[in-house]
Amino acid sequence: MSAPDTLALVGAGKMGSALLGGWLAAGVEPGRIAVHDPAPSESLRALAAEKGFALNPPHAAAEAVVLAVKPQALDAVAAGIASLFGRDTFLLSIIAGKTVDNLSARLPVSAILRAMPNTPAAVGRGVTGVFANPATSSDQRAKAQFLLSGVGGVEWVEREALIDAVTAISGSGPAYVFYLVEALAEAGRRLGLPADLALRLARATVEGSGELLHRQPEISAEILRKNVTSPGGTTQAALDVLMAPDGLAELMARAAEAARKRAEDLSG
Ligand SMILES: NC(=O)c1ccc[n+]([C@@H]2O[C@H](COP(=O)([O-])OP(=O)(O)OC[C@H]3O[C@@H](n4cnc5c(N)ncnc54)[C@H](OP(=O)(O)O)[C@@H]3O)[C@@H](O)[C@H]2O)c1
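Residues numbered from 1 in each chain as written. Predicted model: local features only at pLDDT ≥ 70, side-chain atom pairs only at ≥ 80, totals over all residues. Heavy atoms only, no water.

## Let's talk about the UniProt feature "domain: Pyrroline-5-carboxylate reductase dimerisation" (unreviewed entry) in the protein
Here, the residues flagged by UniProt with the feature "domain: Pyrroline-5-carboxylate reductase dimerisation" (unreviewed entry) are residues 160-265. Here residues 160-265 runs as 79% helix and 0% strand, with 15 Å between its end C-alpha atoms. (UniProt positions renumbered as here; feature names shortened; annotations may be inferred. Helix = DSSP H or I, 4+ residues; strand = E, 2+ residues; numbered from the N terminus.)

Structure follows, in structure tokens:
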């Protein structure tokens, strides 16, 4: 697996910057990278000066263009970046909802991959779902795999529509986990714990549970759950509520469907 010869990143916000950090950590030669962002942050300017990648250079065709702008900005951005595309350029878009058809209608490119990373990418612990359209070559797919694996695991899907499902599960998923911390802390507060203690307990519980999952990949979440649950004990009493027919599984399914539907609505 190798990096594209030349690489243009369009949009260096939260997710674009995380990807950029992954490429640099993976040893991509900074001279191959051009970053385009109209209002680069101070930290991005400092990183460019330190590492030596180009920040807002004149446009030149690149082997790979990575598009990491907001869906609502696509029309405005697309109008200004046609000159980044040459005859053999491939596009890797991480924009939620925007389909291959949306992208190819706006940009002079036919080889297109849609990827959906998530924010743990910032610490190299993300997971990305990716779809490649039939116009991509195996070499382009291998290069996309290289670019995405700099920030964590990579999972390929065969149908484009599944990217919206990936968005609903792992793309948006970190927010659900962070909200779990908030909700658990609030429950602790209602049980009489001081608010700051409740937050520390909830946060450490989610951190530690995630670490158990991470360090023991051979043990399922179900077994880890059962290890906490003494028959007739306190955890079982709580799980009877969470696992009721109208409990967390049903609520999570409704939440994920709302996210999937929103991704669908963002297309066009
Ligand atoms: N955040 C996530 O968890 C996540 C996960 C997976 C995928 N995504 C997708 O990733 C994309 C970016 O999300 P984000 O959270 O990284 O948003 P973000 O932090 O707002 O980053 C977008 C960046 O694009 C810049 N930009 C605006 N117009 C531009 C232009 N004409 N040329 C180049 N750059 C331009 C923005 O600059 P200004 O701020 O100055 O406008 C900003 O720095 C979205 O499409 C989202 O669906 C996000």
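## Considerations on the packing of helix α7 (residues 173-190) against helix α8 (residues 195-215)
At a closest axis distance of 8 Å, the pairing of α7 and α8 adopts a crossing angle of 140°. Between α7 and α8, the interaxial angle falls into the category oblique. Crossing hand, α7 versus α8: right-handed. Residues Val177, Leu180, Val181, Leu184, Ala185, Gly188 and Arg189 of α7 lie in contact with α8, whose contacting residues are Ala195, Ala198, Leu199, Ala202, Arg203 and Val206. Broken down by class, the residue content of the contact of α7 with α8 amounts to ten nonpolar, one polar and two charged. (Axes fitted to C-alpha atoms, helices over the stretch in contact; angles between N-to-C directions. Parallel < 35°, antiparallel > 145°, perpendicular 65-115°, else oblique. Left-handed = near helix turned anticlockwise from the far one by under 90°. Contact = heavy atoms within 4.5 Å. Nonpolar A, V, L, I, M, F, W, Y, C, P; charged D, E, K, R; others polar.)

## Some remarks on the environment of Lys70
You can see Lys70 is positioned in the loop between β4 (62-67) and α3 (74-80). Sequence separation of Lys70 and Ile95 is 25 residues, and the distance between their C-alpha atoms is 6.4 Å. Aside from chain neighbours lying at most four places away, what touches Lys70 is Lys14 and Ile95.

## Examining the pattern of salt bridges
The final tally for this structure, using the stated rule, is 16 salt bridges. When the shortest N-O distance is used, the salt bridge between Asp196 and Arg200 registers 3.7 Å. Highlighted residues: Asp196 and Arg200, both in helix α8, separated by four residues, approximately one helical turn. For Lys261, the salt bridge is made with Asp265, and the minimal N-O distance between the two is 3.2 Å. Taken as a pair, Lys261 and Asp265 lie in helix α11 (residues 248-266) at a separation of four residues, close to a single helical turn. Look at the salt bridges and you will find they share partners, linking Glu63, Asp139 and Lys143 into a network. (Salt bridge = Lys/Arg side-chain N within 4 Å of Asp/Glu carboxyl O.)

## A look at the site of the ligand
The environment of the ligand is made up of 21 residues, and the closest members are Lys14, Met15, Asp37, Val69 and Ala96. Residue Lys14 places a main-chain N or O atom 2.9 Å away from an oxygen atom belonging to the ligand. A distance of 2.7 Å separates an oxygen atom of the ligand from a polar side-chain atom of Asp37. Here the ligand, which alone exposes 890 Å², has 73% of that area covered by the protein. Counted by class, the shell around the ligand contains 14 nonpolar, four polar and three charged residues. (Near = heavy atom within 4 Å. Polar contact = N/O pair within 3.5 Å; in protein donor to acceptor, adjacent residues only side chain to side chain. Areas by Shrake-Rupley, 256 points an atom, 1.4 Å probe, with all protein chains shown as cover.)

## As for the environment of Arg189
Tracing the backbone shows Arg189 in helix α7. Expressed as a C-alpha distance, the spacing of Arg189 and Leu199, which sit ten residues apart in the sequence, is 8.6 Å. One polar contact links Arg189 to Glu186, side chain to side chain, over a distance of 3.0 Å.

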